[in-house]
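# Structural features, examined
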Amino acid sequence: MVSIATWNINSVRLRMPIVERFIEEQAPDVLCLQEIKCQEHQFPYEAFRALGYEHFAVHGQKGYHGVATVAKTPLREFSRHDWQDNGEARHVGVELTEHDGMIVENVYVPAGGDEPDREKNAKFGQKLDFLDRMTRWADAVDRPTLIVGDFNIAPLESDVWNHKQLLKVVSHTPIEVESLQRFMDAHGWSDIGREHVKAPERYYSWWSYRSKDWKVNDRGRRLDHMWASPELARQATGHSIHEYARDWEKPSDHVPLVTEFTL
């Protein structure tokens with residue numbers, strides 16, 4: 001059995017107290033973090049070691065973006081892809097060497113700016129291009145793989161608080177949803193979250209900081225995902241969304257997800 005968590009932490013150093021709280025309560029074997037917002041030498045290695053996490057793959061940069069995978073179980077860094085094609089730290093892949101060589105890819109897809117038009121908004125075009133590069137990569141994946149992280153797309157109607165109102169809002173536009181579907185089809189990924197929380201049941205992982213009464217308004221979106229290769233998906237035994245973490249002191253705007261596998 002191995003448990004894997006993913007969480008856009010929105011600055012790992014600032015939010016280390018809630019990371020510690022989550023680890024103490026859930027103790028995942030592997031924790032994939034996005035938007036760590038620090039360089040590799042600034043990552044809080046000792047804080048994680050004190051919690052029993054001795055293995056690291058950190059791809060950071062100054063001030064922005066960055067991803068890190070920390071584990072209690074041995075791992076080796078497997079890959080770093082520049083799907084943004086501009087040097088930003090948005091991906092790191094690892095092999096879990098004691099779990100049948102399982103590959104865990106940790107990715108932070110660009111948000112895409114505010115205007116869903118690549119002619120008016122270069123960031124939106126970069127997001128679509130990022131997804132195209134991911135799709136070409138997925139077409140050649142030949143090992144049992146789990147890809148997790150902040151995809152910055154809520155594909156289903158029940159992944160957002162109001163489908164009609166958000167159709168023209170970046171993260172839920174048809175062109176993004178279609179791009180994400182092409183990525184899914186390229187490897188036959190299984191959306192683990194939706195295997196365990198069946199649509200049309202509500203499923204969110206992000207609530208804006210602008211909404212102070214986030215629980216009352218519940219204007220959430222499912223931006224965070226855990227997708228598995230078909231053979232690996234069959235070994236997933238449980239999946240959980242830890243919404244309560246959005247209510248902790250100085251929270252991330254995202255909450256952690258956890259999937260358990262029998263390996």
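Residues numbered from 1 in each chain as written. Predicted model: local features only at pLDDT ≥ 70, side-chain atom pairs only at ≥ 80, totals over all residues. Heavy atoms only, no water.

The name given to the protein in an unreviewed UniProt entry is Exodeoxyribonuclease III, with Qipengyuania citrea as the source organism. What UniProt states about the protein under its Sequence similarities (unreviewed entry) heading is, verbatim, "Belongs to the DNA repair enzymes AP/ExoA family." (UniProt positions renumbered as here; feature names shortened; annotations may be inferred.)

By size, the foremost hydrophobic cluster in this structure holds 26 residues, and its most contacted members are I4, L96, M102, V104, L146, M226 and F261. The next biggest cluster of nonpolar side chains, apart from the first, holds 23 residues, and it includes V19, Y53, A68 and V70. (Core = buried A, V, L, I, M, F, W, Y, C linked by side-chain atoms within 4.5 Å. Buried < 20%, exposed > 50% of the residue type's maximum accessible area, 1.4 Å probe, protein only.)

Two orientations exist for strands paired in a sheet by backbone hydrogen bonds: parallel and antiparallel. Spatial strand order, β3-β4-β2-β1-β14-β13: six strands in an open sheet with mixed pairing. The sheet terminates laterally at β3 (55-59) and β13 (236-241), the two strands that pair on one side only. The sheet shows a mean angle of 10° between the axes of neighbouring strands, direction not considered. In this sheet, strand β4 (residues 67-71) lies alongside strand β2 (residues 30-34) in antiparallel orientation, the contact comprising five bridges. Bridged to L31 within β4 is V70. The sheet contacts of helix α1 (residues 16-26) involve β1 (2-8), β2 and β14 (257-261), and relative to β1 the element is tilted by about 155°. (Pairing = 2+ DSSP bridges. Helix = DSSP H or I, 4+ residues; strand = E, 2+ residues; numbered from the N terminus. Axes fitted to C-alpha atoms, helices over the stretch in contact; angles between N-to-C directions. Contact = heavy atoms within 4.5 Å.)

Below, the discussion takes up the UniProt feature "binding site: Mg(2+)" (unreviewed entry) in the protein. Under the UniProt annotation, the feature "binding site: Mg(2+)" (unreviewed entry) is placed at N8, E35, D150, N152, D253 and H254. Sequence-wise these annotated residues cover 247 residues; spatially they are packed, their C-alpha atoms never more than 12.5 Å apart. In this view, N152 contacts Y108, V109, P110, A111, K127, S171, E176 and L223; residues no more than four positions away in its chain are not counted. Within the secondary structure, D253 sits in the loop between β13 and β14. Residues in contact with D253, not counting those within four places in the same chain, are N10, S205, W206, W207, Y209 and R246. Of note is the side chain of D253, whose polar atom sits 3.1 Å from the side chain of W206. (Polar contact = N/O pair within 3.5 Å; in protein donor to acceptor, adjacent residues only side chain to side chain.)

Attention now moves to the UniProt feature "active site" (unreviewed entry) in the protein. Per the UniProt record, "active site" (unreviewed entry) is found at Y108, D150 and H254. A maximum C-alpha distance of 12.6 Å among these annotated residues, which run over 147 residues, shows that they cluster at one spot. Assignment of secondary structure puts D150 in strand β8 (residues 145-150). Residue classification places D150 among the buried positions, given a relative accessible area of 1%. Other than its neighbours up to four places away in sequence, D150 contacts N8, Q34, V107, Y108, V109, L223, D224 and H254. Side-chain polar atoms of D150 contact the side chain of N8, separated by 2.9 Å. Relative to the elements of secondary structure, H254 occurs in the loop between β13 and β14. By relative accessible area, which is 4% here, H254 ends up buried.

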